[in-house]
Amino acid sequence: MNKHAGLSIRHSTCPHDCPSACALDVEVIDGKSIGRVRGSKLQTYTAGVVCAKVARYAERIHHPDRLMYPMRRTGPKGSGQFARISWDEALDEIAARFNEAERAFGSEAVWPYYYAGTMGLVMRDGLNRLTHVKKYSRFYSTICANIARIGFAIGTGKIAGVDPREMGVSDLIVIWGTNAVNTQVNVMTHASRAKKERGARIAAVDVYNNETVKQADIKIILRPGTDGAFACGVMHVLFREGLADRAYLEKYTDCPAELEAHLQSRSPEWASAICGVPVSEIEAFARAVGETKRTFFRLGYGFSRSRNGAAQMHAALCIPAVTGAWQYEGGGAFFNNAAIWHFDESIIEGHDAIDQNVRLLDQSKIGRVLTGDAEALRGGGPVKAMLIQNTNPMAVAPEQALVRQGFAREDLFVAVHEQFMTETAQMADIVLPATMFMEHDDLYYGGGHQHISVGPKLIDPPGECRSNHQVLQALALRLGATHPGFTMTPRQLIDATLKKSSHGDIEKLEADLWRDLQPDFRTSHYLDGFAHADKKFHFKADWAHPPFGKVMGAVEKMPQLPDHWAIIEEADAAHPFRLATSPARSFLNTTFNETPSSQAREGRASVMIHPMDAASLDVADGDAVTLGNTRGETTLIARLFDGVRRGVLVAESVHPNSDHIGGRGINMLTGADAVAPIGGAAFHDNKVWVKKAC
C-alpha cells in the first residue's frame, strides 16, 4: 500500500489484444479514479515495463467523451443523432427487435458479433452463450491469428514453445513478423537484456525499417508475402555449408533428406529474386543462425496478414529445426502459448447448448454477410439483427465498401455496446455504455507468455455503464434464454471456470497474482518429442487435416514442404504497388483512437512510399495521395521513406476513418477472401494503384 492518503497500488492485467497481457500496478485514488499505470516487477515476463498507451490509461478511462448512458438513434443511420433513453427502454427494444427478426426469418437472422476489445474470458466470450442458447447464427473468428496459429501448429503439433523469458539468455534473438516496439514491448525488454548482459545480437525480419528493425544488429527487409522464399534460401545455405544439425534432424524431424533435396533448387539467388533481400544478406543471416546455437526465433502475428501466411510461418519455424536450436536454453521458437492454458470455457460460452446445425458465419466476411452474399450467408436467410461487443467493424473489418453498405440497410437492426462513439456505434439503432477493464472482474491469460490471472474490479464505472455480462444477463431474461451462466456473477463464472480447468479456485489465483504455468524445460523444448503422433517436427505439412479450425480456402494448392506459395495478391500493371497495413505504435486496432496523446503521436493517416517511387509519381513528402484497387479507394498523406523496398507501401493503422481525407479508412482496400487452410483476413496482402490527389 502507498503511504499517501487516499492512494493505493492495486494489481491488474492489461486486457487488450496484445500477446503481452502485461501485469499492471495501478494507482487507485480514493477508490474512485486511477492515476499512473506501471508494469509490475512482480511478474517476471512484464518485468516492470508497460507500453506508453497503457501507462496513460487514466487518459482513456476518465475521458470526457466516454459513453455514459443508453441512447436511441433519432436521425438517419450514421448521422450521429441520438437521444438518451433508460436501460429498460434500450433492453426492451433490443429484445423486441431480436424476437421480431426470429419470428419473421428464424433464429439465424440474429447474429451476435464480437471480438477482442477485451481478452478477458468472461467479458469477451460470454456473448457466445446467448448465441448458443438462442440458436442465433454462430460466429467464426477469423480476423486475427488463425493463419499464423495453424502455421506454427502444423510444424510442432501444438501452439506452445520455448519460455519467452529465455530470450534473456539467448545469443541471437530473431524477431520475425512482429514490430515488437509497437505491439509487444516486453519482447524488446528480454531481447535488450540479452544484448546488454550477454552481448547477444538482435535480428529483425520485416517488410519495412520500423522501430524494431532500427534496434536490430541484423536487419532484413522483405517484400510483403515473401517470408517463405527467404526462409528457404536460408535453409539452403544451412545445408550447403554444413550448418544443419544432422543428428538432431535424424532424431526429431520427419523427412530431413526430402527437405534437403527439395531445397537444392531454393538457392539464395532464387530467394532474392522473390523477396528482394540481397544474396549476401540471406547468406549472412543463415550463417548467423547456423553458427549460434542459442538462437531464439520470436515469430509474430504478421504471418497472419498474408494469403500465404500459414505456409510462411511454417517455413520460418523450420529453420530452428534444421539448426537444432531447440536443444539449447535460449534456443528454439515461440509464437503463442495457447496450448498450455487448458481453460474449460463451457459455462462461459454455453457449450452444452451448441447446435452444430446452426450456421457459422465468418467474422471477416461481415460486409458480404450484410449485403446478402449467398455464399457468405451459407445458403441461409439474411441477417436482420445484431448485438456488437468489443469490436469496431465499421473501421477494422476488410472490404469496407461492403461493410458500409451493409450497416446502412434500413431493415438491419443494430445494438452496439461500447465505451466510445465509434464508427460502428454511429451506425447503431441502440447504443449502450460499456465498462472498462478496471470496472469489472475478469479472467486473463498471456498469449505471449505463461501466466494466468484474475483482473479484479478496482473502481466503479462512471454514469450508467454496464459490463458485457450484465447486458447479457438482462437480455437473457427478456429473451427467455436460460442457462446457469446467466445467473452467475463474473466472480462465480471465473471460479467455476478455474475449477473445471483444474486451476483451483478464484481465491487461490488472486493470492498468486499472476500464476506461472510454463511447462518444464524438456517439454517446452520438445526434447521428448514434438506433439504430433510420431513425435517428430513436421517439415511435411498436412494442410488438409489441420489440428483445429474449419478447413477453407485453396488447401489443395498449399505446398507440403517449405516454399514460397505464390498465392499473394501480386502487383500488376494496373496495380503496381503492394500495400501492408502494419500496426501503429499508439493505436491498438481502433482502441486508443480517442486519446489525445495517441492522436498527437500518430497525426493524420499517412502512407510510406519509397522516394524513387514518389518521384516517378510526382509526389512530394506531405502530398495527399489516393490509393485504390477493385475494392475501393482511400486518400491519405504521403510520407517519403527509404526503409521500404521499391514498389512497397506501408500505412501504419488503424486510424479513424475520419483521419483519412474523405473519411474512407484503410480497410477500403483490404480483402475478405478465406485464407487457407482455416480462414483469416490478409490485411497486409493488397495490390493498389497510387495517384496524387487533387
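Up top is the structure these notes are about.
Residues numbered from 1 in each chain as written. Predicted model: local features only at pLDDT ≥ 70, side-chain atom pairs only at ≥ 80, totals over all residues. Heavy atoms only, no water.

A. Local environment of unusual backbone geometry. Each neighbour pair has its own omega, and for serine 653 with valine 654 the value is 15°, a cis peptide bond. Positionally, valine 654 belongs in the loop between β24 (648-650) and β25 (686-692). In this structure, proline 677 follows alanine 676 across a cis peptide bond, with omega equal to 5°. Within the secondary structure layout, proline 677 lies in the loop between β24 and β25. Even without glycine at this site, glutamate 399 takes up a positive phi of about 55°. Its location among the elements puts glutamate 399 in the loop between α18 (393-396) and α19 (400-407). A positive phi angle is found at asparagine 589, which is not glycine, with a value near 55°. By the element assignment, asparagine 589 lies in the loop between β20 (577-580) and α25 (596-602). Residue asparagine 589 is classed as partly exposed on the basis of its relative accessible area, which comes to 41%. (Helix = DSSP H or I, 4+ residues; strand = E, 2+ residues; numbered from the N terminus. Buried < 20%, exposed > 50% of the residue type's maximum accessible area, 1.4 Å probe, protein only.)

B. Representation of the nonpolar core. Counting residues in each nonpolar core, the largest one holds 161 residues, and the members touching the most others are Trp176, Phe230, Phe285, Trp326, Phe407 and Phe539. The residues touching phenylalanine 285, leaving out its near neighbours within four places in the chain, are Val174, Ala203, Val205, Ile218, Ile220, Phe230 and Val234. Cys22, Val54, Phe420 and Leu588 belong to the second-largest nonpolar core, a separate cluster that totals 22 residues. (Core = buried A, V, L, I, M, F, W, Y, C linked by side-chain atoms within 4.5 Å. Contact = heavy atoms within 4.5 Å.)

C. Spotlight on the packing of helix α6 (residues 146-156) against helix α15 (residues 309-323). At a minimum axis separation of 7 Å, α6 and α15 run at an interaxial angle of 40°. Taken together, the axes of α6 and α15 lie oblique to each other. For the pair α6 and α15, the sense of crossing is right-handed. Side by side, α6 and α15 meet where Ile147, Ala148, Ile150, Gly151, Phe152, Ile154, Gly155 and Thr156 of the first sit next to Gly309, Ala310, Met313, His314 and Leu317 of the second. Per-class residue counts for the contact of α6 with α15 are 8 nonpolar, 5 polar and no charged. (Axes fitted to C-alpha atoms, helices over the stretch in contact; angles between N-to-C directions. Parallel < 35°, antiparallel > 145°, perpendicular 65-115°, else oblique. Left-handed = near helix turned anticlockwise from the far one by under 90°. Nonpolar A, V, L, I, M, F, W, Y, C, P; charged D, E, K, R; others polar.)

D. Looking closely at the pairing of strand β11 (residues 295-299). Across the 5 residues of β11, 5 count as buried, placing the element largely inside the fold. In β11, alternate side chains face the same way, and those of Thr295, Phe297 and Leu299 on one face and Phe296 and Arg298 on the other are all buried. Pairing of strand β8 (residues 172-176) with β11 involves 5 bridges; the strand directions are parallel. From the neighbouring strand, isoleucine 175 faces β11, where its bridge partner is arginine 298. As paired strands, β11 and strand β12 (residues 332-334) are joined by 3 bridges and run parallel to one another. Bridge pairing in β12 places phenylalanine 297 opposite alanine 333. Where the polypeptide runs from β11 across α15 and back to β12, its parallel neighbour, the crossover connection is right-handed. (Pairing = 2+ DSSP bridges. Right-handed = clockwise from strand over helix to strand, strands pointing away.)

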